[in-house]
Amino acid sequence: MKKHIVLLPGDGIGPEVIAQARKVLRVVEKKFGLSVDTEDALIGGAAIDATGEPLPPATLEACKKADAVILGAVGGPKWDKAPKRPEAGLLGIRKALNLFANLRPAVVFPELAELSALKKKTVERGIDILVVRELTGDVYFGQPAGEETKDGIRHAFNTMSYNEEEVRRIARVAFSAASSRRGRVCSVDKSNVLHVSRLWRSVVEETHRDYPDVALSHMYVDNCAMQLVLNPSQFDVILTGNLFGDILSDEAAAIAGSLGMLPSASLSDAAKGGGIGLFEPVHGSAPDIAGQDRANPIAAVLSLSMMLRMSFGQEEAATAVENAVHAVLRAGVRTADITGPDWKGEIAGCAKTGDLIAERI
Ligand code: NAD
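Parameters and conventions
Residues numbered from 1 in each chain as written. Predicted model: local features only at pLDDT ≥ 70, side-chain atom pairs only at ≥ 80, totals over all residues. Heavy atoms only, no water. Helix = DSSP H or I, 4+ residues; strand = E, 2+ residues; numbered from the N terminus. Rg over C-alpha atoms; globule rule 2.2 N^0.38 Å. Buried < 20%, exposed > 50% of the residue type's maximum accessible area, 1.4 Å probe, protein only. Areas by Shrake-Rupley, 256 points an atom, 1.4 Å probe, with all protein chains shown as cover. Lys, Arg positive; Asp, Glu negative; His and termini not counted. Charge placed at Lys NZ, Arg CZ, Asp CG, Glu CD. Salt bridge = Lys/Arg side-chain N within 4 Å of Asp/Glu carboxyl O. Contact = heavy atoms within 4.5 Å. Phe/Tyr/Trp six-rings, centres within 6.5 Å; stacked < 30°, edge-to-face > 60°. Lys NZ or Arg CZ within 6 Å of the ring centre and 35° of its normal. Domains from an automatic or database assignment. Buried area = accessible area lost by both parts, 1.4 Å probe. Polar contact = N/O pair within 3.5 Å; in protein donor to acceptor, adjacent residues only side chain to side chain. Near = heavy atom within 4 Å. Arc of directions from axis to C-beta. Axes fitted to C-alpha atoms, helices over the stretch in contact; angles between N-to-C directions. Parallel < 35°, antiparallel > 145°, perpendicular 65-115°, else oblique. Nonpolar A, V, L, I, M, F, W, Y, C, P; charged D, E, K, R; others polar. Pairing = 2+ DSSP bridges.

**Student:** I would appreciate a short explanation of the overall build of the protein in the present structure.
**Tutor:** Broken down by element type, the protein carries 12 helices and 14 strands. Taken against the 2.2 N^0.38 rule, which gives 21 Å for 361 residues, the C-alpha radius of gyration of the protein at 21 Å falls within 12% of a compact globule. Projected onto its principal axes, the C-alpha positions of the protein cover 60 × 50 × 45 Å. Per-residue burial over the protein gives 52% buried out of 361 residues. When the accessible surface of the protein is summed, it comes to about 16000 Å², and 53% of that surface belongs to carbon and sulfur atoms. Charge-centre separation for the protein: the mean point of 41 positive side chains lies 2 Å from the mean point of 46 negative side chains.

This is the structure we're talking about:
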């Protein structure tokens, strides 16, 4: 297998955590006989400093030619008042690569159960949820949208809209993901109120006919928000639209504990000649700890393992990376963000945590 990936370290702790993902990738390559070329490119504030643009054309060209992209994080106070914002680089690349599916696992590692915002007895049953969120449609992009004043009264409006093709392609992502997990999809909508949700539900049911091995259920979004807190272990894959997914994926993240543990994947539309995946930690550039070797690299390392599994089909290598992360957590060495008040083990920096994960592969 010969693959080419682009690394976009970005700003703040981005370069620190990407350095650990690179370290782990090198070990995985040797152990599993893979051949992966890496190329670094600029994005965000670092790109603004070097070129004046948060997403330079050279970065975009490199990403379009790659088999996959791994991104660190962008942004920071240095550019808060800049005419061009680093975050525009992130939105730009998502749009240019046509990334319509966002996949966020929310896993409570048994070793870190005490860090969850939920009660121990709720978490103990095991939580391993994958939120599949549609990323390019819904009320965020529907037209008409705007503001106007009529008869002296200000008025603002957005349009919630999906067509059946947009629903079908994201439903396929969710069903495919569920078939290699525990085989259950819960589609979340508000079909008791919204026309858009009624179309969503019927297209999800039609698409389900192609996935007889997957069990499908439906849930209203308000109930789902409640069930995530009361009984999160009932969920395997949650499939939902852009707006509901925005909220539910953050809620699911909060039950998982630290931001430093959460990876994500955004996938493009293979049917439209794309097929590129962008893999990135959920966290931002953490300017408060940047440059101090205090960042937790696990979210970046788990983003690498998502890439190995989803873009390269390397299940065994992906599992080896995840097992190495578990082994390090069990060994009693952790970055400060995942120690908790009663922690008696060693507090390690970002680079050492990366070394330990690499050693255990
Ligand atoms: P943040 O995720 O950067 O940090 C929130 C808190 O979590 C901070 O206290 C930080 O120290 C901690 N934290 C985050 N990641 C960590 C890690 N790996 N290890 C240990 N601790 C970690 O969010 P923020 O402070 O709201 O935003 C900071 C900057 O990042 C802003 O410029 C924002 O726009 C940007 N941002 C970028 C992305 C992205 O690139 N995908 C996402 C969110 C925020």
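After that view, the rundown keeps rolling.
**Student:** Even after reading the chapter, I still don't get the side chain of Glu251, so can you show me in this structure?
**Tutor:** Looking at where Glu251 falls in the secondary structure, it is placed in helix H9 (residues 242-256). Buried and unpaired, Glu251 has Arg104 as its nearest opposite-charge partner, separated by 11 Å. The residues touching Glu251, leaving out its near neighbours within four places in the chain, are Ala225, Leu228 and Val229.

**Student:** What is the right way to look at the packing of aromatic side chains in this model?
**Tutor:** The description of an aromatic ring pair uses the distance of the two centres, along with the angle that the planes make with each other. For the structure on display, the rule yields 2 aromatic pairs. Judged by centre distance (5.2 Å) and plane angle (25°), the rings of Phe175 and Tyr211 are stacked. Of this pair, Phe175 sits in helix H6 (residues 164-179) while Tyr211 sits in the loop between helix H7 (195-208) and strand S9 (215-220), and the two are 36 residues apart along the sequence. Note on Phe175: relative accessible area 0%, which makes it buried. Note that Arg169 overlies the ring of Phe100, its terminal NZ or CZ placed 4.1 Å from the centroid.

**Student:** Sorry if this is basic, but what is going on with the domain arrangement of the protein here?
**Tutor:** Interface size, as often reported, equals the accessible area lost upon joining of the parts. Under the domain assignment, the protein is made up of domain 1 (1-101 + 265-361) and domain 2 (117-255). Contact with domain 1, which involves 8 residues of that partner, is made by 7 residues of domain 2. When the two sides are added together, the surface that domain 1 and domain 2 hide from each other amounts to roughly 650 Å², 68% of it contributed by carbon and sulfur. At the boundary of domain 1 with domain 2, the tally comes to 0 salt bridges. At the surface where domain 1 touches domain 2, the tally comes to 1 residue pair in polar contact (both at pLDDT 80 or more). Sorting the residues of the side of domain 1 that touches domain 2 by element identifies strand S4 (99-108) and strand S11 (263-268) as the ones contributing at least two each.

**Student:** Can you help me understand the site of the ligand in this one?
**Tutor:** Around the ligand, a shell composed of 21 residues is seen, among which Glu87, Gly284, Ala286, Asp288 and Asn296 lie nearest. In this structure, Glu87 approaches the ligand through a side-chain N or O atom, which is 2.5 Å from an oxygen atom. In the model, a nitrogen atom of the ligand is placed 3.4 Å from a nitrogen or oxygen of the His283 side chain. Burial of the ligand by the protein chains amounts to 68% of its free accessible area of 800 Å².

**Student:** How should I be thinking about the environment of Met307 in this particular structure?
**Tutor:** Checked against the element boundaries, Met307 lands in helix H10 (residues 298-310). Accessibility expressed as a relative area gives 0% for Met307, which makes it buried. With 209 residues separating them along the chain, Met307 and Asn98 place their C-alpha atoms 17 Å apart. Beyond its immediate stretch of four places on either side in the chain, Met307 contacts Ile5, Ala68, Ile70, Phe279 and Phe312.

**Student:** In this structure, what is going on with helix H2 (residues 44-51)? I would like to understand it.
**Tutor:** Note that an α-helix has 3.6 residues per turn; residues three or four places apart therefore point the same way. Along H2, the residues that are buried comprise Gly44, Gly45, Ala47 and Ile48. Seen along its axis, H2 keeps its buried residues to an arc of 160°; they face one direction. Downstream of H2 by a residue or two, Gly52 has a phi angle that is positive, lying close to 90°.

**Student:** Could you clarify how one ought to interpret the packing of helix H8 (residues 221-230) against H9 in this entry?
**Tutor:** To describe two helices that pack against each other, one gives the angle between their axes and the distance between the axes. Between H8 and H9, the shortest axis-to-axis distance is 10 Å and the interhelical angle comes to 10°. Between H8 and H9, the crossing angle belongs to the class labelled roughly parallel. Only Phe244, Leu248, Glu251 and Ile255 of H9 make contact with H8, whose side of the interface consists of Val221, Cys224, Ala225, Leu228 and Val229. Tallied by class, the residues present in the contact of H8 with H9 amount to 8 nonpolar, no polar and 1 charged.

**Student:** Honestly, the pattern of salt bridges in this entry has me stumped. Any pointers?
**Tutor:** Opposite charge on two side chains lets them pair, provided their charged atoms get close. Applying the stated criterion to the full structure yields 26 salt bridges. When the shortest N-O distance is used, the salt bridge between Glu280 and Arg94 registers 3.2 Å. Highlighted residues: Glu280 in strand S12 (residues 277-281) and Arg94 in helix H4 (residues 87-96), separated in sequence by 186 residues. Because the salt bridges share partners, they merge into one network encompassing Asp128, Arg181, Arg182 and Asp236.

**Student:** It is not clear to me how the environment of Ala88 should be interpreted in this structure. Could you clarify?
**Tutor:** With respect to the helices, strands and loops of the structure, Ala88 is situated in helix H4. Residue classification places Ala88 among the partly exposed positions, given a relative accessible area of 40%. In this structure the C-alpha to C-alpha distance between Ala88 and Val74, which are 14 residues apart in sequence, comes to 9.3 Å.

**Student:** Teacher, can you tell me more about the sheet that holds S9 here?
**Tutor:** Paired through backbone hydrogen bonds, the strands of a sheet run either parallel or antiparallel to each other. Read across the open sheet, the 10 strands follow the order S2-S1-S3-S12-S11-S4-S5-S10-S8-S9; overall the sheet is mixed. Strands at the two margins of the open sheet, each flanked by one partner only, are strand S2 (35-40) and S9. Taken pair by pair, the neighbouring strands of this sheet meet at an average axis angle of 25°, ignoring direction. With 8 bridges connecting them, S4 and strand S5 (residues 127-134) associate as antiparallel partners. From the neighbouring strand, Val107 faces S5, where its bridge partner is Asp128. Its contacts with the sheet place H4 against strand S1 (2-10), strand S3 (68-73), S4 and S12, and it is angled at close to 150° to S12.

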